[in-house]
Amino acid sequence: MSLVFAGICSHGPGITGRAAMADSAVSGPFYEAFGGMRAELEGARPDALVVVAAEHFANFFMNNMPSFAVGMAEGYEGPIEDPAWLGIERTSIPGNAGLSGRLIRAVMQSVDIAFAEEWKFDHGIMVPLHFLTPRYDLPIVPVNINCQGPPLAPLHRVWAFGEALRRAADAVPERIAIIGTGGISHWPATPDSGKVNEAWDREFLERWKANDHAALVSYTDEGTYRDGGQGGFEIRTFISIAAAAKGRGSVQYYRPIPIFSVGCTIGTMSVGA
Amino acid sequence: MQKFLFDINRDPAAQRQYHEGLDALLERYALTAEERRALAERALGLIYVLGANGQLLMHYAAFLGIPWTEYIAALRAGIEKYGQVRAGVYTMTTRLDEKVAGV
């Protein structure tokens, strides 16, 4: 069929795990924006959801770190984190090994990737699914872009990977939705947690909305680390979605919520030709 | 050190061995004396300073059942006691008295 939905969202574990520590007047509209994204996703009637996430050592480690990996299992499980800490119960999530295999073969025509028949989900996928497919009834195709263990894939290769995902989605009969999950600037998991460079984030989102290829791939890892923190490396997931969707973006929600450790973001992008 | 954290965060068998005896489990890893001490004492602040990836460390703290505020305080105390992070990309960039998110 084709790509029928594209979007981006935050995935910080505090969004669910520290919900009670946030001012509900601030967090409420963010959760509502997640609800709006869910409605739009469901309205697209997808057969499967490709989740391009930046995992945090749930599966891949520096002993054997792929730049790009795609899951190929009939089912997955998550979260790996303590459920009480994350605020999400451990559960099974459906996959579709056959669909994954066809997507993987198509992507491999232009980009070398790893595949995995075993895959445990961490907050990078579980937090978005908690809001977008809370019944865990939509088959998921997990995708990882290494954003944790440098050296990281250059952004022009991330772009090529996103384009390859689009070609793959267009080549299968199923209706495919795709989301990218991650942060823009953030300094998570340390005493810096809560620090956000809002101006840098907003500039990134302008480039993303315009689907400005040259501007999106012009970031350097050195500059991103300086201006966006180690969490900023996750711009890769959002950039891959722009490359896949080829459309124009809109941002339904953006606001730093320090206790969630990130500038909370919800965005969708039209599917272009 | 990070390999231990990776295993303990995701592998139920490693988690069982952890509960049966941390010292025996640590024997399986190539650790410096300082790393071994940090892990044996569950000294999150020292593990942080020694260069553990923040995501690995955060998930380990969740495994230990340490609340978020205590986790952040432990890392800040580690910096105060041992100095800046020695390796990796999770260097602390805020001041010790700067509670960015109020914790």
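Presented here is a report on the structure given in the accompanying data block.

### A short note on the sheet that holds strand β2 (residues 48-53) of chain A
Residue and element names in this part refer to chain A. If you trace the eight strands from one edge of the open sheet to the other, you get β6-β3-β7-β2-β8-β1-β10-β9, paired in mixed fashion. Each edge of the open sheet is held by one strand with a lone partner, namely β6 (114-116) and β9 (249-257). Strand-to-strand twist in this sheet, taken as the mean axis angle between neighbours without regard to direction, amounts to 20°. Relative to strand β8 (residues 175-181), strand β1 (residues 2-9) runs parallel, the two sharing seven bridges. Among the inter-strand pairings, serine 2 is bridged to a residue of β8, identified as arginine 175. Those strands touched by helix α6 (residues 155-171) are β1, β2, β3 (68-71), β7 (140-145) and β8, and its axis lies near 140° from that of β1. Each of β1, β9 and β10 (262-269) touches helix α7 (residues 198-210); the most contacted strand, β9, lies at about 170° to it.

### Some thoughts on the interface of chain B and chain A
Contacts between the two partners involve 31 residues from chain B, matched on the other side by 34 residues from chain A. A buried area of about 2800 Å², summed over both sides, lies between chain B and chain A, and 63% of it is on carbon and sulfur atoms. At the surface where chain B touches chain A, the tally comes to zero salt bridges. Joining chain B to chain A, the criterion identifies twelve residue pairs in polar contact (both at pLDDT 80 or more).

### Details of the nonpolar core
Judged by nonpolar contacts, the single largest core of 85 residues is most densely connected at Phe4, Ile47 and Tyr71 of chain B. In contact with tyrosine 71 of chain B, not counting residues within four places along its chain, are Ala189 of chain A together with Leu44, Gly54, Leu57, Met58, Ala61 and Ile66 of chain B. Counting residues in hydrophobic clusters, the runner-up holds 52 residues, among them Leu103, Ile145, Ala169 and Ile176 of chain A.

### A closer look at the packing of α7 of chain A against helix α10 (residues 235-245) of chain A
All names here are of chain A. Where α7 contacts α10, the axes come no closer than 10 Å and their chain directions differ by 20°. Relative to α10, the element α7 is oriented roughly parallel. Between α7 and α10 the crossing geometry is right-handed. Across the interface between the two elements, Trp200, Phe204 and Trp208 from α7 touch Ile235, Phe238, Ile239, Ile241 and Ala242 from α10. Here the contact of α7 with α10 is built from residues that sort into eight nonpolar, no polar and no charged.

### Some words on the packing of helix α2 (residues 24-43) of chain A against helix α5 (residues 123-132) of chain A
All names here are of chain A. Viewed as axis vectors pointing N to C, α2 and α5 meet at an angle of 75°, and their least axial separation amounts to 8 Å. One element, α2, and the other, α5, form an angle in the roughly perpendicular class. Contacts from Tyr31, Phe34, Met37, Arg38 and Leu41 in α2 reach Pro128, Phe131 and Leu132 in α5. Partitioning the contact of α2 with α5 into residue classes produces seven nonpolar, no polar and one charged.

### Considering the pattern of salt bridges
Once their charged atoms are close, side chains differing in charge can pair, the charge on each being opposite to the other. For the coordinates displayed, the defined rule picks out 15 salt bridges over all chains. As a salt-bridge pair, arginine 166 of chain A and aspartate 170 of chain A come within 2.9 Å of each other at their nearest N and O atoms. On the criterion of helical spacing, the pair formed by arginine 166 of chain A and aspartate 170 of chain A is a turn pair, its members being four residues apart in helix α6. The buried category is assigned to arginine 166 of chain A, whose relative accessible area is 7%. Among the ionic pairs, glutamate 34 of chain B bridges to arginine 86 of chain B, the shortest N-O distance being 3.0 Å. With glutamate 34 of chain B in helix α4 (residues 33-40) and arginine 86 of chain B in the segment after α7 (68-82), this pair connects stretches of sequence that are 52 residues apart. Using a relative accessible area of 29% as the deciding quantity, one classes glutamate 34 of chain B as partly exposed. The exposure class assigned to arginine 86 of chain B is partly exposed, which follows from its relative accessible area of 45%. Ionic contacts of the salt-bridge type, sharing partners, join the residues Arg38, Glu42, Arg135 and Asp137 of chain A into one network.

### So, the side chain of aspartate 201 of chain A
Examined against the element boundaries, aspartate 201 of chain A turns out to sit in helix α7. The contact partners of aspartate 201 of chain A, leaving out residues within four places of it in the chain, are Ile184, Ser185, Val196, Tyr254 and Gly263 of chain A.

### Brief notes about the pairing of β7 of chain A
Residue and element names in this part refer to chain A. Counting buried positions along β7 yields six of six residues, so the element is predominantly enclosed. As judged from the five bridges shared by β2 and β7, these two strands associate in the parallel manner. When the bridges of β7 are listed, leucine 49 appears paired with isoleucine 140.

### Structural notes on α4 of chain B
Residues and elements named next belong to chain B. Within α4 the residues assigned to the buried category are Glu35, Ala38 and Leu39. For α4, the arc enclosing every buried residue in end-on projection is 95°, short of the 170-degree limit, so these residues lie on one face. On the buried face of α4, the contacting elements are α1 (2-10), α3 (22-26), α5 (44-49) and α6 (54-64). Looking one or two residues beyond α4, the residue adopting positive phi is arginine 42, at roughly 50°.

Cut-offs applied
Residues numbered from 1 in each chain as written. Chains lettered and ligands numbered in written order. Predicted model: local features only at pLDDT ≥ 70, side-chain atom pairs only at ≥ 80, totals over all residues. Heavy atoms only, no water. Pairing = 2+ DSSP bridges. Helix = DSSP H or I, 4+ residues; strand = E, 2+ residues; numbered from the N terminus. Axes fitted to C-alpha atoms, helices over the stretch in contact; angles between N-to-C directions. Contact = heavy atoms within 4.5 Å. Buried area = accessible area lost by both parts, 1.4 Å probe. Salt bridge = Lys/Arg side-chain N within 4 Å of Asp/Glu carboxyl O. Polar contact = N/O pair within 3.5 Å; in protein donor to acceptor, adjacent residues only side chain to side chain. Core = buried A, V, L, I, M, F, W, Y, C linked by side-chain atoms within 4.5 Å. Buried < 20%, exposed > 50% of the residue type's maximum accessible area, 1.4 Å probe, protein only. Parallel < 35°, antiparallel > 145°, perpendicular 65-115°, else oblique. Left-handed = near helix turned anticlockwise from the far one by under 90°. Nonpolar A, V, L, I, M, F, W, Y, C, P; charged D, E, K, R; others polar. Arc of directions from axis to C-beta.

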